[in-house]
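These are the residues of each chain, in order.
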Amino acid sequence: APDDAIAVVACHEHAPARSVTRGELRARVARTARALQTMGVGAGSRVAGLTAHDDDTLVVALAAIGLGATWTACGPELAAEGALARLRV
């Protein structure tokens, strides 16, 4: 599919839907992967986020997975104790 084809449509409760093209998604994932690498993330790493369910979270997940890391997340609606319990190793 061409770079200008829509890859993701992000729908938010308090904002208009936003389309992300394949080219935009690919570029955002590459930038994020480079940033994660500078933080030492690589194969075998574990990356976790307390994140909204949106296109930014998708980008981080794809970047982490692309580096060979394991990705997990929980939503910000969880209380701190619930998030810690879910993410604790």
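Residues numbered from 1 in each chain as written. Predicted model: local features only at pLDDT ≥ 70, side-chain atom pairs only at ≥ 80, totals over all residues. Heavy atoms only, no water.

## With respect to the packing of helix H1 (residues 22–38) against helix H2 (residues 55–66)
Between two packed helices, both the angle of their axes relative to each other and the distance between the axes serve to describe the pair.
Here is step 1: The contact between H1 and H2 brings their axes to 8 Å, and the two run at 60 degrees. Looking at the two axes, H1 sits oblique to H2. In this structure, H1 crosses over H2, and the sense of that crossing is right-handed. Between H1 and H2, the residues in contact are Leu 25, Arg 28, Val 29, Thr 32, Ala 33 and Leu 36 and Asp 55, Asp 56, Leu 58, Val 59, Val 60, Leu 62, Ala 63 and Ala 64, respectively.
Here is step 2: Of the residues assigned to the contact of H1 with H2, the class counts are 10 nonpolar, 1 polar and 3 charged. (Axes fitted to C-alpha atoms, helices over the stretch in contact; angles between N-to-C directions. Helix = DSSP H or I, 4+ residues; strand = E, 2+ residues; numbered from the N terminus. Parallel < 35°, antiparallel > 145°, perpendicular 65-115°, else oblique. Left-handed = near helix turned anticlockwise from the far one by under 90°. Contact = heavy atoms within 4.5 Å. Nonpolar A, V, L, I, M, F, W, Y, C, P; charged D, E, K, R; others polar.)

## Describing the side chain of Thr 51
Here is step 1: With respect to the element layout, Thr 51 can be found in the loop between strand S3 (46–50) and H2.
Here is step 2: Reaching out from Thr 51, the side chain makes a polar contact with the side chain of Thr 57 at a distance of 3.3 Å. (Polar contact = N/O pair within 3.5 Å; in protein donor to acceptor, adjacent residues only side chain to side chain.)

## As for the pattern of salt bridges
Here is step 1: Tallied over the entire structure, the rule returns 4 salt bridges.
Here is step 2: Arg 28 is the salt-bridge partner of Asp 55, the closest N and O atoms lying 3.0 Å from each other. In this pair, Asp 55 is assigned in helix H2 and Arg 28 in helix H1, connecting sequence segments 27 residues apart. For the residue pair Asp 55 and Arg 28, the accessibility class agrees, reading buried in each case.
Here is step 3: Shared partners join several salt bridges into a network, and the residues in it are Arg 18, Arg 28, Asp 55 and Asp 56. (Salt bridge = Lys/Arg side-chain N within 4 Å of Asp/Glu carboxyl O. Buried < 20%, exposed > 50% of the residue type's maximum accessible area, 1.4 Å probe, protein only.)

## Some remarks on the pairing of strand S4 (residues 70–74)
Here is step 1: Sheet analysis places S3 next to S4, joined by 5 bridges and oriented parallel. Opposite Arg 46, over in S4, you have Thr 70 as the bridge partner.
Here is step 2: With H2 bridging S3 and the parallel S4, this β-α-β connection has right-handed handedness. (Pairing = 2+ DSSP bridges. Right-handed = clockwise from strand over helix to strand, strands pointing away.)

## Some words on the side chain of Thr 32
Here is step 1: Its place among the elements puts Thr 32 in helix H1.
Here is step 2: One polar contact links the side chain of Thr 32 to the main-chain carbonyl oxygen of Arg 28, over a distance of 2.9 Å.
Here is step 3: Discounting chain neighbours no more than four positions away, the residues touching Thr 32 are Val 59, Val 60 and Ala 63.

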